[in-house]
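Each chain, letter by letter, is given below.
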Amino acid sequence: MTRLVARLLWGSTLLVPLLFAWVAETVRAGAGHLEHSSVVFWLAVASSAVCIALSRAVPDRLRPLPAGREATALLRMITAWAFCEGAALFPLVAWIVTDDSRLLGVCAVDLVALLTLYPSEARWNGLLPGEPPPARR
């Protein structure tokens, strides 16, 4: 499962810069605002939905780290935050080049999803792995 999480994080960190490159190339080429803003909007909606779902489903499935329970909880939180942060960046940049204000709403949803992942005591305790069994003598 940990390797699958690594693949998902890798894919999301690869996809967002590629989307940014596409947007930057459009602006660099002097095209001004993108003509196909509805395509960009639905791409932002889909990527946001997937990333928010992954931010909720993946962290609990990460195996405990040898570094300890606290390190495991932190890694699980960072994983969830990374998914939401990546989701929020694309619609914001896409809004700049499309002038489609609906993208600000998509970004707002992503930021609310990130806000709900605040490391409260309850959330932190929920991400702590179970106590390891006592060592045999």
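Our subject is the structure that appears above.
Let us look at the structure shown here. Just so we're clear, the structure is a prediction, and the values are computed from it rather than from any experiment.

The next subject is the packing of aromatic side chains. Pairs of aromatic rings are described using the distance from one ring centre to the other and the angle between the two planes. Taken as a whole, this structure holds 1 aromatic pair when the rule is applied. Judged by centre distance (4.9 Å) and plane angle (75 degrees), the ring pair of Phe-41 and Trp-42 falls under edge-to-face. For Phe-41, a relative accessible area of 10% gives the class buried. Residue class for Trp-42 comes out exposed when judged on its relative accessible area of 54%.

So, about the pattern of salt bridges. In the structure shown here, the tally under the stated rule is 1 salt bridge. Measuring nitrogen to oxygen at the nearest pair gives 2.8 Å for the salt bridge that ties Arg-102 to Asp-100. Look at Arg-102 and you get partly exposed, because its relative accessible area is 39%. Overall, Asp-100 belongs to the buried group, its relative accessible area being 9%.

We now examine the nonpolar core. If you look at the biggest cluster of nonpolar residues, it comprises 8 residues: Leu-19, Val-40, Phe-41, Ala-44, Phe-90, Ala-94, Leu-103 and Val-106. When contributions to this core are tallied by element, the ones reaching two or more residues are α2 (37–57), α3 (69–98) and α4 (102–115). Ranked by residue count, the leading element in this core is α2, at 3 residues. Excluding residues within four positions of it along the chain, Ala-94 makes contact with Val-40, Asp-99 and Leu-103.

Bringing the side chain of Ser-48 into the picture now. With respect to the helices and strands, Ser-48 occurs in helix α2. At 2.8 Å, the side chain of Ser-48 forms a polar contact with the side chain of Asp-110. Apart from the residues within four sequence positions on either side, Ser-48 is in contact with Ala-87, Pro-91, Val-106 and Asp-110.

Okay, the packing of α3 against α4 next. One way to put it is that α3 packs onto α4 with a least axis distance of 8 Å and a crossing angle of 165 degrees. Comparing their axes, α4 and α3 come out roughly antiparallel. The way α3 lies across α4 gives a crossing that is left-handed. Of α4, the residues touching α3 (which contributes Trp-81, Cys-84, Ala-87, Ala-88, Pro-91, Leu-92, Ala-94, Trp-95 and Thr-98) are Leu-103, Leu-104, Val-106, Cys-107, Asp-110, Leu-111, Ala-113 and Leu-114.

Parameters at a glance
- Residues numbered from 1 in each chain as written.
- Predicted model: local features only at pLDDT ≥ 70, side-chain atom pairs only at ≥ 80, totals over all residues.
- Heavy atoms only, no water.
- Phe/Tyr/Trp six-rings, centres within 6.5 Å; stacked < 30°, edge-to-face > 60°.
- Buried < 20%, exposed > 50% of the residue type's maximum accessible area, 1.4 Å probe, protein only.
- Salt bridge = Lys/Arg side-chain N within 4 Å of Asp/Glu carboxyl O.
- Core = buried A, V, L, I, M, F, W, Y, C linked by side-chain atoms within 4.5 Å.
- Helix = DSSP H or I, 4+ residues; strand = E, 2+ residues; numbered from the N terminus.
- Contact = heavy atoms within 4.5 Å.
- Polar contact = N/O pair within 3.5 Å; in protein donor to acceptor, adjacent residues only side chain to side chain.
- Axes fitted to C-alpha atoms, helices over the stretch in contact; angles between N-to-C directions.
- Parallel < 35°, antiparallel > 145°, perpendicular 65-115°, else oblique.
- Left-handed = near helix turned anticlockwise from the far one by under 90°.

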